[in-house]
Amino acid sequence: MGHYDDVATARSSDDAGPLRRAGRAVGRALHRPFTGTARGIRKATHAHGAGESGLGKLIELHAVNGAGDVMITVALASTVFFSVPTDEARGRVALYLAVTMAPFTLLAPVIGPLLDHIPHGRRAAMAGAMIARALLAVLMSGAVATGGLELYPAALGVLVSSKAYGVVRSAVVPRLLPPKFSLVKANSRVTLAGLLATGIAAPIGAGLQQIGPQWPLYGACALFLLGAYWAFTMPPKVDSAKGERKAHMLTHGEKKPSLRTVGPSVLHGLQANAAHRALSGFLIFFLAFLLREHPLAGQSAAVSLGIVGVSAGAGNALGTAVGAWLKARGPEMIIVTMLTLVLTAAVLAAVFFGAGMVAVLAAAAGFSQALSKLSLDALIQRDVPEQVRTSAFARSETLLQMAWVAGGAIGIALPLNGVVGMTVAACIVAAGALAADRGLLTAARRGGGSSGARPRVA
């Protein structure tokens, strides 16, 4: 019997060998796409010295941030919070515009200066913004199905935390700039990562939404907790104040640096970007009402809105991608060029109003806004003193959001006439060009806004 048992054991071992090897092969085959994808992402985010400088980690962190934000957006899309049908009273839409301003009323006067006085806490600030959104996502998960009152303050808290993270992230970029890397290019890489992550996470969030309305919020919570951990693993130089002056309370007679005292480039860059943002708000709300009542020729209202939305989104993504690969060009010249581009598109849309020109204007607006905003960020990072840079970003975001709301308000109040609307759009951009172009061109000829050593911008 012992002999037969040994033979049986040997046979079973021989049989198990191929099975085990096959199992390992199947495991490797299933594992390889994920590890290969992870390696490919890491290679892309850490290319051209971004890995050594730490910029690669910031790019990955911003991707997680974008994915988490879109998960929350998907969860709220089915609730009354973001439900703004175009056939409802325009007062309802005006209320939505007022709600979007709430985060910025806190951001500029409170969060920016607070972070300026804590220059060593930027990793903690980004992690704190992530943790806050993770907790708020869990809080909203209990109310998202019922639309309970607690949903509203929690959603506003998410907006505030998201904007606070964005302000700190913009202030961090110059500290992580690789050699021979422009600020416009660095900002573009970070923003593009967020856009790509948003595109990937949106359908995943929609799939989780089918399981239950709270599931995208659970996904957002997990992503934000991961982001909080990654924020703490950022390079120590993110919090280093070596060679910098600590923010301090002003003494008598001392003048605090502001957006008006750091040179003309930032001020005129803000004026130009305010025009871009006002145009964006105007087009969103004017076309939402117009195309519902008067769809594009041969199309339904839904298809008409879809054409405009896809055109604007594609233009924005293309602008960000172009910024990521842009070679040596000054940010002032980029902003002037973008104003000229979108003004031309608006004038053509007013003269030759129709489906094609509206789509072209939407694409041009998205493209030019993306590149102009990247260039404005580079100007602030270059010209605004470190000790007040976070406040500068907070105040610039507030100004741009106010411009967006103002543009949206004009779009709500305007008669639903396409030619009139496109003419007003052209006037909005023309006002920005008149205010900003001359100053930007002069600053570009003089080599920038402020003197002294500056991070690379182009």
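These figures come from a predicted structure and were not determined experimentally. (Residues numbered from 1 in each chain as written. Predicted model: local features only at pLDDT ≥ 70, side-chain atom pairs only at ≥ 80, totals over all residues. Heavy atoms only, no water.)

Checked against the element boundaries, S368 lands in helix α12 (residues 355-383). The buried category is assigned to S368, whose relative accessible area is 0%. Of note is the side chain of S368, whose polar atom sits 2.8 Å from the backbone oxygen of A364. Of the polar contacts made by the side chain of S368, one reaches the backbone oxygen of A365; its length is 3.3 Å. Here S368 is in contact with H276, M338 and V342, once residues within four sequence places are set aside. (Helix = DSSP H or I, 4+ residues; strand = E, 2+ residues; numbered from the N terminus. Buried < 20%, exposed > 50% of the residue type's maximum accessible area, 1.4 Å probe, protein only. Polar contact = N/O pair within 3.5 Å; in protein donor to acceptor, adjacent residues only side chain to side chain. Contact = heavy atoms within 4.5 Å.)

It is worth spelling out the packing of aromatic side chains at this point. All told, the structure shown has three aromatic pairs when counted by the stated rule. Look at W215 and Y218: their rings are 5.2 Å apart centre to centre, the planes differ by 85°, and that puts the pair in the edge-to-face class. Residue W215 and its partner Y218 are both found in helix α8 (residues 215-232); the two are separated by three residues, about one turn of the helix. When its relative accessible area of 38% is taken as the criterion, W215 is described as partly exposed. Considering the side-chain rings of F282 and F286, the 5.2 Å spacing of their centres and the 10° angle between planes classify their relative orientation as stacked. With F282 and F286 both in helix α9 (residues 264-293), this residue pair falls four residues apart, about one helical turn. Of the two residues, F282 and F286, both sit in the buried class. (Phe/Tyr/Trp six-rings, centres within 6.5 Å; stacked < 30°, edge-to-face > 60°.)

Function cannot be read off these values alone, since they describe shape.
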